[in-house]
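# Chain and residue survey
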Amino acid sequence: RPYFAAGSGSLAAPATVVAVDRSLSLGAPGQWAAAQRLAQAAVDGAPATHLVGVVAFDDRAELVAAPTMDRAGARAAIAALTPGAGGTRFAPALA
């Protein structure tokens, strides 16, 4: 469970952050389409009062859409992702 130091930053509303695995294994037939579909569903299913952000990860993590109320922007960030050549490491996405 991540913890943040007081004053380390604040958001205007609660946030849902969708983590998308873009490692090499997601390049297998059907895997990437399924991952994108599930990520899009997570954006769509986030509470209406939440900001939504997107983190893509393999052996490192990258914030591809900062938390925002713009669901279309989060969905576009997911649509623009592609699987890479890195391995799967969950820790960077959760840090």
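Residues numbered from 1 in each chain as written. Predicted model: local features only at pLDDT ≥ 70, side-chain atom pairs only at ≥ 80, totals over all residues. Heavy atoms only, no water.

## Remarks on the nonpolar core
Ranked by size, the top nonpolar core spans 16 residues in total, and within it Val 20, Trp 32, Val 43, Val 54 and Ile 78 carry the most contacts. In terms of residue count, helix α1 (residues 31–45) provides more of this core than any other element does, four residues in total. With near-sequence residues (within four places) excluded, Ile 78 lies in contact with Val 20, Gln 36, Ala 39, Gln 40, Val 43 and Val 54. (Core = buried A, V, L, I, M, F, W, Y, C linked by side-chain atoms within 4.5 Å. Buried < 20%, exposed > 50% of the residue type's maximum accessible area, 1.4 Å probe, protein only. Helix = DSSP H or I, 4+ residues; strand = E, 2+ residues; numbered from the N terminus. Contact = heavy atoms within 4.5 Å.)

## Topic: α1
Every α-helical turn comprises 3.6 residues, leaving residues that sit three or four positions apart pointing alike. With 15 residues, α1 extends 21 Å from end C-alpha to end C-alpha; this agrees with the ideal 21 Å at 1.5 Å per step. Where α1 is concerned, the buried positions are Trp 32, Ala 35, Gln 36, Ala 39, Gln 40 and Val 43. Buried residues of α1, seen end-on, are gathered within an arc of 130 degrees and therefore sit on one face of the element. The outward face of α1, more than 90 degrees from its buried face, is lined by the exposed residues Arg 37, Leu 38, Asp 44 and Gly 45. Of the surrounding elements, those touching the buried residues of α1 are β1 (15–21), β2 (51–57) and α2 (71–80). (Expected span 1.5 Å × (residues − 1). Arc of directions from axis to C-beta.)

## Some remarks on the pairing of β1
Pairing of β1 with β2 involves seven bridges; the strand directions are parallel. Bridge pairing links Val 18 to Val 54 in β2. Following the backbone out of β1, through α1 and into the adjacent parallel β2, one traces a crossover that is right-handed. (Pairing = 2+ DSSP bridges. Right-handed = clockwise from strand over helix to strand, strands pointing away.)

## Here's the deal with the packing of α1 against α2
With their axes 10 Å apart at the nearest point, α1 and α2 run at an angle of 170 degrees to one another. It follows from the interaxial angle that α1 and α2 lie roughly antiparallel. Contact residues: Gln 36, Ala 39, Gln 40, Val 43 and Asp 44 in α1; Arg 71, Ala 74, Arg 75, Ile 78 and Ala 79 in α2. Partitioning the contact of α1 with α2 into residue classes produces five nonpolar, two polar and three charged. (Axes fitted to C-alpha atoms, helices over the stretch in contact; angles between N-to-C directions. Parallel < 35°, antiparallel > 145°, perpendicular 65-115°, else oblique. Nonpolar A, V, L, I, M, F, W, Y, C, P; charged D, E, K, R; others polar.)

## So, the pairing of β2
On any regular strand, side chains alternate: one points to one face of the sheet, the next to the other face. Among the seven residues of β2, seven are classified as buried, and the element is accordingly described as predominantly covered. Every second residue of β2 is oriented toward a common face, with Leu 51, Gly 53, Val 55 and Phe 57 on one face and Val 52, Val 54 and Ala 56 on the other, all of them buried. Across five bridges, the pairing between β2 and strand β3 (residues 61–68) is antiparallel. Note that in β3 the partner of Val 55 across the bridge is Leu 63. What sits between β2 and β3 in their antiparallel hairpin is a turn of three residues.

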